[in-house]
Amino acid sequence: MPKLTIDEREIEAPGGITVLQACEMAGVEIPRFCYHERLSVAGNCRMCLVEMERAPKPIASCAMPVGDGMVIRTNTEKVQKARNGVMEFLLINHPLDCPICDQGGECDLQDQAMAYGYDRSRYQENKRAVSEKYMGPLIKTIMTRCIQCTRCVRLATEVCGVEDIGLVNRGEHAEITTLERAIDSELSGNLVDVCPVGALTSAPYQFAARPWELRKILSVDVMDAVGSNIRVDARGRQVMRVLPRVNEAINEEWIADKTRHACDGLGRQRLDRPFLRGADGKLAPASWEQAFQAIAGRLERLTGDKIAAIAGDLCDVESMFALKDLMTRLGSPNLECRQDGAKTGAGPRVSYLFNTTIAGIEEADAIWIVGANPRWEAPLVNARIRKRFLQTGMPVGVIGEAVDLTYETQYLGAGPESLAEIAEGKGAFAKILSDAERPMIIVGSGALARADGQALLAQCRAMAEALGVAGATAPEGWNGFNVLQRAASRVGGLDLGFLPGEGGRDLAGILDGCEQGAIELVWLLGADEIDMGRLGKTFVVYQGHHGDAGAHRADVILPGAAYTEKHGTYVNMEGRVQLGRMAAYPPGDAREDWTIARAFSEVIGQPLGYDNLGELRQRLVEHNPVFGEVDHVASAPWASFGEAGTISPEAFASPISNYYMTDPISRASETMAKCTEVFVLNGAGQATGTAG
Amino acid sequence: MRITSHRPAEAQDFAFSPENLEKAKGYIARYPEGRQASAVLWLLYLAQDQNGGWLSVPAVEYVAKLLDMSPIRVHEVVSFFTMFNTRPVGRHHIQVCRTTTCWLRGSDEITAACLDAAQVSGLGETSADGLFTVSQVECLGACCNAPMFQLNDRDYFEDLTPDSAKAVIEALRRGEAPKAGSQVGRVSSEAYAGSEAPKGSA
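Values in this document were obtained by computation on a predicted structure and should not be read as measured data.

S.K.: I'd like a description of the overall build of chain B, backed by residues and values.
M.R.: For chain B, the count of helices and strands is seven helices and five strands. Overall, chain B shows an N-to-C arrangement of helices and strands of α-α-α-α-β-α-α-β-β-β-α-β. Within the span of chain B, comprising 202 residues, buried residues form 43% of the whole. Within chain B, residue pairs in contact and separated by at least 24 positions form 61% of the contacts whose partners lie at least 6 positions apart. Here chain B has roughly 11100 Å² of accessible surface; of this, 54% comes from carbon and sulfur atoms.

S.K.: Summarise the nonpolar core; cite the residues concerned and give the values.
M.R.: Residues and elements named next belong to chain A. In terms of nonpolar packing, the biggest core is built from 118 residues, with Ile72, Ile367, Ile369, Val381 and Ile385 touching the most fellow members. When residues in this core are grouped by element, the largest group, six residues, is from helix H4 (residues 151-160). Other than its neighbours up to four places away in sequence, Ile367 contacts Ile361, Ile385, Met394, Pro395, Val396, Gly397, Phe429, Met440 and Ile442. One finds Ile399, Val443, Leu521 and Val571 within the second-largest nonpolar core, a separate group that totals 76 residues.

S.K.: Break down the interface of chain A and chain B for me, citing the residues and quoting the values.
M.R.: The interface is formed by 21 residues belonging to chain A together with 15 residues belonging to chain B. Each partner contributes to the roughly 1500 Å² buried at the junction of chain A and chain B, and carbon and sulfur atoms together form 51% of this total. Per-residue buried area on chain A facing chain B is highest for Glu163, Arg170 and Leu179 of chain A; these three make up 37% of the total on that side. Inspection of the chain A/chain B interface yields one salt bridge. The residue Arg73 of chain B makes a salt bridge to Glu163 of chain A at a minimum N-O spacing of 2.5 Å. Looking at the side of chain A that touches chain B, the elements with two or more residues in it are H4, strand S7 (165-168) and strand S8 (175-178) of chain A. Take the side of chain A that touches chain B: its biggest share by element is four residues, from S7 of chain A. For the side of chain A that touches chain B, the per-class residue count stands at seven nonpolar, seven polar and seven charged.

S.K.: Lay out helix H3 (residues 57-66) of chain B in plain terms, naming residues and giving numbers.
M.R.: Residues and elements named next belong to chain B. Most of H3 is tucked away, with seven of its ten residues classed as buried. Along H3, the residues classified as buried are Val57, Pro58, Ala59, Val60, Tyr62, Val63 and Ala64. Those residues of H3 that are buried are in contact with helix H1 (18-29), helix H2 (40-50) and helix H4 (71-80).

S.K.: Could you give me a rundown of the sheet that holds strand S4 (residues 59-60) of chain A, with the residues and numbers involved?
M.R.: Residue and element names in this part refer to chain A. In spatial order, the strands read S2-S1-S5-S3-S4; together these five strands make up an open sheet with mixed pairing. The open sheet terminates on both sides in strands that have one partner only, identified here as strand S2 (9-12) and S4. Contacts from helix H2 (residues 77-92) reach strand S3 (49-52) and strand S5 (71-73) within the one sheet, and its direction differs from that of S3 by about 155 degrees.

S.K.: So, helix H7 (residues 162-173) of chain B: which residues are in play, and what are the values?
M.R.: Residues and elements named next belong to chain B. Between its first and last C-alpha atoms H7 spans 17 Å; for twelve residues at 1.5 Å apiece the expected length is 16 Å, and the two agree. Lining the buried residues of H7 we find strand S1 (92-97), helix H6 (107-118), strand S2 (132-137), strand S3 (149-151) and strand S4 (155-158). Within two residues after H7, Gly175 carries a phi angle of roughly 85 degrees, on the positive side.

Scoring rules and cut-offs
- Residues numbered from 1 in each chain as written.
- Chains lettered and ligands numbered in written order.
- Predicted model: local features only at pLDDT ≥ 70, side-chain atom pairs only at ≥ 80, totals over all residues.
- Heavy atoms only, no water.
- Helix = DSSP H or I, 4+ residues; strand = E, 2+ residues; numbered from the N terminus.
- Buried < 20%, exposed > 50% of the residue type's maximum accessible area, 1.4 Å probe, protein only.
- Contact = heavy atoms within 4.5 Å.
- Areas by Shrake-Rupley, 256 points an atom, 1.4 Å probe, with all protein chains shown as cover.
- Core = buried A, V, L, I, M, F, W, Y, C linked by side-chain atoms within 4.5 Å.
- Buried area = accessible area lost by both parts, 1.4 Å probe.
- Salt bridge = Lys/Arg side-chain N within 4 Å of Asp/Glu carboxyl O.
- Nonpolar A, V, L, I, M, F, W, Y, C, P; charged D, E, K, R; others polar.
- Pairing = 2+ DSSP bridges.
- Axes fitted to C-alpha atoms, helices over the stretch in contact; angles between N-to-C directions.
- Expected span 1.5 Å × (residues − 1).

In structure tokens:
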């Protein structure tokens, strides 16, 4: 490892890193604009100049690799002067519109001008003005503020995988531009984050709040099963925006657009008081007492087998646990947390987890995707695959719908037939997989959420064993068998056993039962994705936060809390237990969900044995110790799972037809509606006459 | 109101003629496989030539497609180099060199003469009859024969005087093909009668 001296301190730095990184290791702050640790080095802003001994002039530390015996000085007069000069040049054409700029208060340029700039301008001439560009409904551009760091160009090209942004012209005329098309990427919101100035700002958040007015709560995202770490910024009762927070194991420092921008849906279509369907067939506001009495009155005459509960995709573990407890007290075995109709999940833990882990993708050398569209089902998993693809050019095979995943893929077929072919070892890709040292299989809900899901799962498992992906044939410590879950609540629900008990009905059974009258009361815990038309004459209790499909069908509505309004535990697709935190109180009479089940248990005289969240969580850990290991992935031991059976030749269909609207929150969001219009309905995101 | 500098795509399509396509393939073949993007400048020149001296948006995007590049990457290249014209030019594009040597030798007068003879209102503009565009460019590397201009990315007219520049333009207007090279008749950059010999100290 090279040894170098930074500000008279000798440090040892790993070879291959840059002087800027070495300075950071030594605890010396280097100002920068264009350098970003997750993007390629551009070296064009010149803000990171430092003095190097035996160099005739200051060097750009972001682009200079460390060498043995280097002597770096960052606090000399020369460096100070260089930074001053660069800052002055950057500000020549930068407008002084901080008071009306959304970046104000969290602007790199503002901060660094304070720290490293002159206190006055010597510039009398006109500033240049740059015309605005269209980047879609999520990004607002004020290009005059741009300092041409090209971070956005590199992010779009390298991380998002869409080459839509570029730097045209040169010199004083250089400008960042798009071809007047929306940035068609699920990660486009991150462009706003990497922009060090106010050139790219969040369009839905424009002029909404200032950073110092906001409470910043660290939480976890529920829009997909990735469990991205987020920071929820709230003002009063309103969630103003959602930002990513760094978690190298999951989302690095990106989040998907739905995670970031669906938050305006939290303020719309909310259920803020209980409702009861009256004799006239209309829902009317009611008190909690009336609502509980109505349910209790129904339950009196019912035996357990006539009651069912379905948990939705956004539920926290606590609420499912409380509801499960309640159902157990009522004697009902009809529990279901897989509202997509998947048959799999009741088996060992290894059969429903993303076992390789998301960070583990970076060790893979071949990936095979079956019945999944990771770009829409888990954009950050897709970003990891792309990252690995760019590093190694590893082969990626796809069976299922042919979609552009932003990296090169080999299309192997549409359905089970192609799967069987590879299982028999036919074709080039089977050889690629068996030759690969660390191959991965990613099975999505397109393959598992079918009637023959168990058989397909069994086939995938057999193949994983045969091809050395997982099990005894895989390298030590490697498990390349992965299920790509879509719902934030799913793994938690499966870990909890929110599944049909002995003799219980699964989703299809419950819906059949409802239609035939065998099920007389169904409790929907935020379940909106099922076919409400099949609920028949069943008495429907809907506990949730949005007036979506479930609430429309409900006979009793119990208003619950959305994910930003409760402390909750979520288990992501890797099996990582994470804690979401309350950022704002639920609106009106709405309550945290587990307390609703707890309060109702009191009404029917069968109180659940916990009075606060701590007690509930203790019981949760007793129920399954997995829930005690927060922020940790315990590798699940390989086991046998799946059941052989007949497989229908039907092609794998993607369960998501519109990435931007998959749950009650995003369906209520105006921003997501705009995205749907631009990216899904209009296709290519071409600017229309009314755009902008 | 939103203002943008993005050019809307022109209506007409663009595709290489068969012989240009052959040439383009030849250019691409000069580079290792997978490095076809290196041929972008060659292909853009070819496209500009075929398209009457300028690159329309469809032409740029055609080249991008041919080289499997993202259109924005090709737009970046086109906008970076001044040799690519993004607006239509006249049939004869006259590029007068204005860098030091030519300037010392009177490129300003040559420019004025060209504008006058071609009946072009200003630099970068095209004459009303669509025959001429006059623009100024940086050094074209013919300093020894300054002042000079370049015609249609190809022919150099060197050792100009305002009168000989006008004569070239008039000849072009008549549809003739004036002889390129030195307009005073010298071979490459040899000394010629009337040239000022370098004044040595000896």
